[in-house]
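Below, each chain spelled out in residue letters.
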Amino acid sequence: MASAGSKTRTSPWQAWGISRSPWVYHLATGTCNNCDIELLDCLTPRYDLERFGIKLVGSPRHADVLMVTGMMNRKCLPRFIAVCRQVPKPYIIVALGACGANKGIFHDSYNTVGPVERVVREIMKEDTIVVNVPGCPPKPEAIILGVVKGLKLLQERRR
Amino acid sequence: MRYVLELVIYPGFIFATAVGLLTSWFERKVSALVQWRKGPPVLQPLYDLVKLAGKETLVSERANSAGFLLAPFLGFAGAIVASLILWNANLGRSFLGDSIVLLYLLVLPALAVILGGLASGNPIAILGATRELKLVLAYEVPLVLAVIVAILKADSLLLHRLGNTITIGSLSGVLAFFVALLAVQVKLGFAPFDIAEAETELIAGPYIEYSGPPLAVFKLTHAMLLFILPLFLVTLFLGGIDFRGLGWLWGILKYLGVVLAIVLIKNTNPRLRIDQAIRFFWRYGLGLALLALVLAIIGDQVGLRWL
Amino acid sequence: MPSKIPIGPYHPLQEEPEHFILTIEGEQVVDVDVSIGYNHRGIEKLAESKTYDQVPFLVERICGICSMSHPLAFSLAVENCAGIEVPPRANYIRTILDEIRRLHSHLLWAGLAGHFLGYNTVWMWAWKYREPLLELSELLTGNRNHYGMIKVGGVRRDIPPEHYPLIRKALDELKPKLEMLYGAVLDDPVLRARLEGVGHLSREDAIRYGVLGPTARASGVDIDIRRDYPYGASDKVEWRVITSERGDLLARVEVRLLECFESIKLIEGCLEQMEPGPISADVPRKIPPGEGIGQVEAPRGECFHYVVANGTDKPERLKIRAPTYMNLPSFRATCLGETLSDVAIILAGIDPCYCCTERLVRIKDGRGERRLSFEDLLKLSWEKTARLRKEAKDGCVE
């Protein structure tokens, strides 16, 4: 999509702002709940992501980072696309867990439409940054690392 | 020119924003400490604002876009003028009836939230706006009664004179302060009265459709309210901030103490139901405020300062 | 004028996508409708293509919170089908891990319930106390959440004796914190105001809807698979089933928090009685034809697996019924007439686990045009039965 392509040109201060206060919206698309819990776990005292300004928000309109978990179920697909369209740009997507990265153990399921990155690239045809965090479930440290890497990519992408 | 400078830099927009953002950080830090966490860095509220300013503004198809986009600025304007009046009063510059004007100005942010929520055309936002409206109806009367107690004690409508009277030194003053503190808690949208935003029920309530700069304005207004409302309590009930000598240090301590009380109430209470909140204010809030008023009048007539 | 408020599919109230449509008048909820399928992953079908050694890993990923119960129930079902005797030490290890999982799940729920009420301090504190349990799991099994410990006929890894004191120490440290949490929740007047008398489910309704687990026990229904149909080592250790007669949300909180103490008792008892020995029985690669059931008391209630074996190394059919499937419909009894704020916490009050529940799929006819309703399916079933009968009869004649 041409408009999406032009929108992804992020100015330095936009990328800087997002890297300083990434607000996370969490989206489960056919999960076993575990990545979701580990994500919440990141906010609790042991890991405390608020140190880096990361906050969980309830409305996609407030989000900068979409945390997508699960193997992208057929019923969730249109909802996922709708949510992506509601997020103000620029934003990044983090696909959590083995399911989000490559469908994981549900690879052969009849109800999956593929990993998150494939959906974003081939079905939505957008070049939003997608970071895959493998693991079943990924440890909170890995989740933090995934977000950090995504934000770095966003800063590098500025032109 | 002086007025413009006053409005924009000190003690208007920039000053109030800076103090408000610092207070906002203080609030988040204390919350984090209560919850065994480390908490965000000092400039975190500012980062949030910069980030939001750089995001896209989305307006939903069902929204009334003019109302939707103008509403944040209504509350913002109210907050700026309120901070101006309040700070000037503490500096000794006051005009007749400014306490009444202040009360009106402090309703504007709530009105802005209601307008914005209703204009956004989202059923959840509308529900949040109606809840906010109910809350305004619930807490305004007790708050005004509590302010009247302070006015009776100071025997003046001037905020400056109010600021020089330590209302809390009397029994009625303590009761009125307590009622006003709870009303401030609602105005700030903190637990147990965060019913309008109610993250786990209404997602973000009236703010649900806002994104980017308009949301930043709402956040900014909230940060400024976090500066204005505790200062309002300090001025009305705790004797204000005295700028002679080391008085300002004592004033800051009073201010931080009030903020701390607000944050601790926020972090040790679950959210009330809307009917419980209204019942609470109309029964206990109004009762306490009326009692304080009666005590204050009696004390005034009989001449007992401690009543 | 009634208006419709959606809760979900994506809503901060739930980690999982689930769509509730609440019809409200003002703040009062007059109707609840639920739309499921956002979490359906086709696990039952997938299980038919995996060997008995692989299926425990698959069913473990039905749910991340009760990830001990599903593989355990599956293994019990296969063992029941093939008549495999599990060595005693494996049984003890199974119970220990199951109870650690229950502790973690109940603490998780307590924290989330606080979060749903806007009481984030309770959330943070409960999850802080839960963290040592996850560490303990990592020590014992190698992973924080999905353990991969259960296999048909036993467990995969032993608990070495030098880990016993570590487990005991973690539990001893947990006890005072649990007591503190219990006191803090039950003594808080505002919390009581929000929980007491809300979402009341009477004993009759609980039986009528067939609710399970802590939800049933909070309504005074005295059921617990660990006692009624013992598995693992739950019949060898002294403990008791917690029930409450009140049936409201406060009772559900109380039952869950008190159950944590019973879980600690169970683990400690197991550690005391455990003796060295083998941890796994010999299991044939191909399970002889037959059927078996496995029941496990998951943190949310009875988790039930039914396995049909056909003599190969893969199950012919696996049917799973998770506790939330039974608990979910009780919303109709508890939610109607309550306010929206209360419904949010009532929905969370049964500790719903939608990813456990989603075993359904919409069935369309061959061309994918028409959705088959209950009557259609009934008719298809009758037709097939009639055909089979006819074939059987014809076969007899020949």
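Residues numbered from 1 in each chain as written. Chains lettered and ligands numbered in written order. Predicted model: local features only at pLDDT ≥ 70, side-chain atom pairs only at ≥ 80, totals over all residues. Heavy atoms only, no water.

Enquirer: Residue-level account of the overall build of chain B, with values.
Expert: From N to C terminus, chain B includes twelve helices and zero strands. The secondary structure elements of chain B, listed N-terminal to C-terminal, are α-α-α-α-α-α-α-α-α-α-α-α. Scaling as 2.2 N^0.38, a compact globule of 307 residues should have a C-alpha radius of gyration of about 19 Å, and chain B matches this with 19 Å. When its C-alpha atoms are laid out on the principal axes, chain B stretches across 60 × 45 × 40 Å. Scored against the burial criterion, the 307 residues of chain B give a buried share of 62%. Restricting to contacts in chain B with at least 6 residues of sequence separation, those with at least 24 account for 79%. Put simply, chain B shows about 11,900 Å² of open surface, and 74% of that area lies on carbon and sulfur atoms. Distance between charge centroids for chain B: 5 Å, based on 23 positive and 17 negative side chains. (Helix = DSSP H or I, 4+ residues; strand = E, 2+ residues; numbered from the N terminus. Rg over C-alpha atoms; globule rule 2.2 N^0.38 Å. Buried < 20%, exposed > 50% of the residue type's maximum accessible area, 1.4 Å probe, protein only. Contact = heavy atoms within 4.5 Å. Areas by Shrake-Rupley, 256 points an atom, 1.4 Å probe, with all protein chains shown as cover. Lys, Arg positive; Asp, Glu negative; His and termini not counted. Charge placed at Lys NZ, Arg CZ, Asp CG, Glu CD.)

Enquirer: Explain the interface of chain A and chain C residue by residue, including any values.
Expert: Each side of the interface is counted separately: chain A has 37 residues, and chain C has 43 residues. Both sides of the chain A and chain C interface together cover about 3,400 Å² of buried area, and 59% of this is carbon and sulfur. On the surface where chain A and chain C come into contact, there are five salt bridges. Of the charged contacts, one joins E135 of chain C and R46 of chain A as a salt bridge, the two residues approaching to 2.4 Å between their closest N and O atoms. On inspection of chain A and its partner chain C, the count reaches 20 residue pairs in polar contact (both at pLDDT 80 or more). Among the secondary structure elements, those contributing two or more residues to the side of chain A that touches chain C are strand 1 (23-28), helix 3 (34-43) and helix 4 (76-86) of chain A. (Buried area = accessible area lost by both parts, 1.4 Å probe. Salt bridge = Lys/Arg side-chain N within 4 Å of Asp/Glu carboxyl O. Polar contact = N/O pair within 3.5 Å; in protein donor to acceptor, adjacent residues only side chain to side chain.)

Enquirer: Account for the sheet that holds strand 2 (residues 19-25) of chain C, naming residues and giving values.
Expert: Here three strands make up an open sheet; going across it, the order is 1-2-3 (chain C) and the pairing antiparallel. Either end of the sheet is taken by a strand with one partner, and the two such strands are strand 1 (3-7) and strand 3 (28-35) of chain C. Between one strand and the next, the sheet's axes are offset by a mean angle of 25°, whatever the strand orientation. Pairing geometry for strand 1 of chain C and strand 2 of chain C, over five bridges, is antiparallel. Opposite I5 of chain C, over in strand 2 of chain C, you have L22 of chain C as the bridge partner. Contacts from helix 6 (residues 123-154) of chain B reach strand 1 and strand 2 of chain C within the one sheet, and its direction differs from that of strand 1 of chain C by about 105°. Most of the contacts of helix 14 (residues 340-349) of chain C go to strand 2 of chain C, to which it runs at about 155°, and overall it touches strand 1, strand 2 and strand 3 of chain C. (Pairing = 2+ DSSP bridges. Axes fitted to C-alpha atoms, helices over the stretch in contact; angles between N-to-C directions.)

Enquirer: With reference to specific residues and values, describe the interface of chain C and chain B.
Expert: The partner chain B presents 24 residues to the 30 residues of chain C that form the contact. Carbon and sulfur atoms make up 59% of the surface buried where chain C meets chain B, a total of about 2,400 Å² over both sides. Where chain C packs against chain B, one counts one salt bridge. Of the charged contacts in the structure, one is a salt bridge between D342 of chain C and R273 of chain B, with a shortest N-O distance of 2.6 Å. The set of elements that each furnish at least two residues to the side of chain C that touches chain B consists of strand 1, helix 4 (88-116), helix 5 (120-141), helix 7 (189-195) and helix 14 of chain C. Per element, the largest residue contribution to the side of chain C that touches chain B is five residues, and it comes from helix 5 of chain C. Taken together, the residues that form the side of chain C that touches chain B break down as 16 nonpolar, eight polar and six charged. (Nonpolar A, V, L, I, M, F, W, Y, C, P; charged D, E, K, R; others polar.)

Enquirer: Give me empty space enclosed by the protein: which residues, what numbers.
Expert: On inspection of all chains with the given rule, the structure shows nine cavities of 30 Å³ or more. Here the largest cavity is characterised by a volume of approximately 1,300 Å³. Listing elements by their share of the lining of the largest cavity, those giving two or more residues are strand 2 (55-56) of chain A, helix 2 (13-34), helix 3 (44-53), helix 9 (199-202), helix 10 (212-237) and helix 11 (247-267) of chain B together with helix 5 of chain C. The element best represented in the lining of the largest cavity is helix 10 of chain B, accounting for six residues. Looking at side-chain class alone, the lining of the largest cavity contains 21 nonpolar, 14 polar and 13 charged residues. Quantified by volume, the second largest cavity comes out at close to 240 Å³. Lining the second largest cavity are 23 residues, with V113, E132, K187, E197 and Y207 of chain B sitting closest to its centre. Top element by residues in the lining of the second largest cavity is helix 5 (residues 98-119) of chain B. It accounts for five residues. Of the residues assigned to the lining of the second largest cavity, the class counts are 15 nonpolar, four polar and four charged. (1 Å grid on protein atoms, 1.4 Å probe; cavity = no way out; pocket = protein on both sides within 12 Å on 5 of 7 lines; lining within 4 Å. Points joined across faces, edges and corners; volume = space filled by probe spheres on them.)

Enquirer: Which residues make up unusual backbone geometry, and what values go with them?
Expert: For the bond running from C136 of chain A to P137 of chain A, omega is -10°, close enough to zero to count as cis. Position of P137 of chain A among the secondary structure elements: in the loop between strand 5 (129-133) and helix 7 (140-157). Even without a glycine there, the phi angle at M72 of chain A is positive, about 60°. Tracing the sequence through the fold places M72 of chain A in the loop between strand 3 (65-69) and helix 4. For M72 of chain A, a relative accessible area of 0% translates into the label buried. Unlike most non-glycine residues, W36 of chain B shows phi in positive territory, near 65°. You can see W36 of chain B is positioned in the loop between helix 2 and helix 3. Taking relative accessible area as the criterion, W36 of chain B reaches 47% and is therefore assigned partly exposed.

Enquirer: Pulling in residues and values, what's your account of the sheet that holds strand 4 (residues 92-96) of chain A?
Expert: Residue and element names in this part refer to chain A. Read across the open sheet, the five strands follow the order 2-1-3-4-5; overall the sheet is parallel. What marks the edges here is a single partner per strand, and that holds for strand 2 and strand 5. Bridge analysis of strand 1 against strand 2 gives two bridges, and the strand direction is parallel. Looking at strand 2, one finds that V24 is bridged to L56.

Enquirer: Describe the domain arrangement of chain C, and please don't skip the residues or the numbers.
Expert: Domain annotation of chain C identifies domain 1 (3-357) and domain 2 (366-398). Centre-to-centre separation of domain 1 of chain C and domain 2 of chain C, based on C-alpha positions: 37 Å. (Domains from an automatic or database assignment.)

Enquirer: Pulling in residues and values, what's your account of the nonpolar core?
Expert: One finds M67 and V94 of chain A together with F20, L22 and F74 of chain C to be the most contacted residues of the largest nonpolar core, which totals 149 residues. With near-sequence residues (within four places) excluded, F74 of chain C lies in contact with Y52, V55, P56, V59, V152, H305, V307 and L318 of chain C. (Core = buried A, V, L, I, M, F, W, Y, C linked by side-chain atoms within 4.5 Å.)

Enquirer: I'd love a proper account of the packing of aromatic side chains, names of residues and values included.
Expert: Evaluated as defined, the whole model comprises 17 aromatic pairs over all chains. Ring geometry for F15 of chain B and W87 of chain B: centres 4.8 Å apart, planes at 55°, overall tilted. Highlighted residues: F15 of chain B in helix 2 and W87 of chain B in helix 4 (residues 65-90), separated in sequence by 72 residues. Judged on exposure class, the residue F15 of chain B and its partner W87 of chain B are both buried. Centroid distance W36 of chain B to W125 of chain C: 5.8 Å. Interplanar angle 65°. Geometry classified as edge-to-face. Here W36 of chain B is found in the loop between helix 2 and helix 3, whereas its partner W125 of chain C is found in helix 5 on a different chain. According to the relative accessible area criterion, W125 of chain C is partly exposed, its value standing at 23%. Through a chain of ring-to-ring contacts, the aromatic side chains of F15, W87, F227 and Y255 of chain B assemble into a single cluster. We note K75 of chain A situated over the ring of Y38 of chain C; from NZ or CZ to the ring centre the distance is 4.7 Å. (Phe/Tyr/Trp six-rings, centres within 6.5 Å; stacked < 30°, edge-to-face > 60°. Lys NZ or Arg CZ within 6 Å of the ring centre and 35° of its normal.)

Enquirer: Describe the environment of G337 of chain C, naming the residues involved and giving the relevant values.
Expert: Residue and element names in this part refer to chain C. Within the fold, G337 resides in the loop between helix 13 (331-335) and helix 14. For the pair G337 and Q28, spaced 309 residues apart in the sequence, the C-alpha separation amounts to 5.9 Å. Ignoring sequence-local partners within four residues, the contact set of G337 consists of Q28 and V29.

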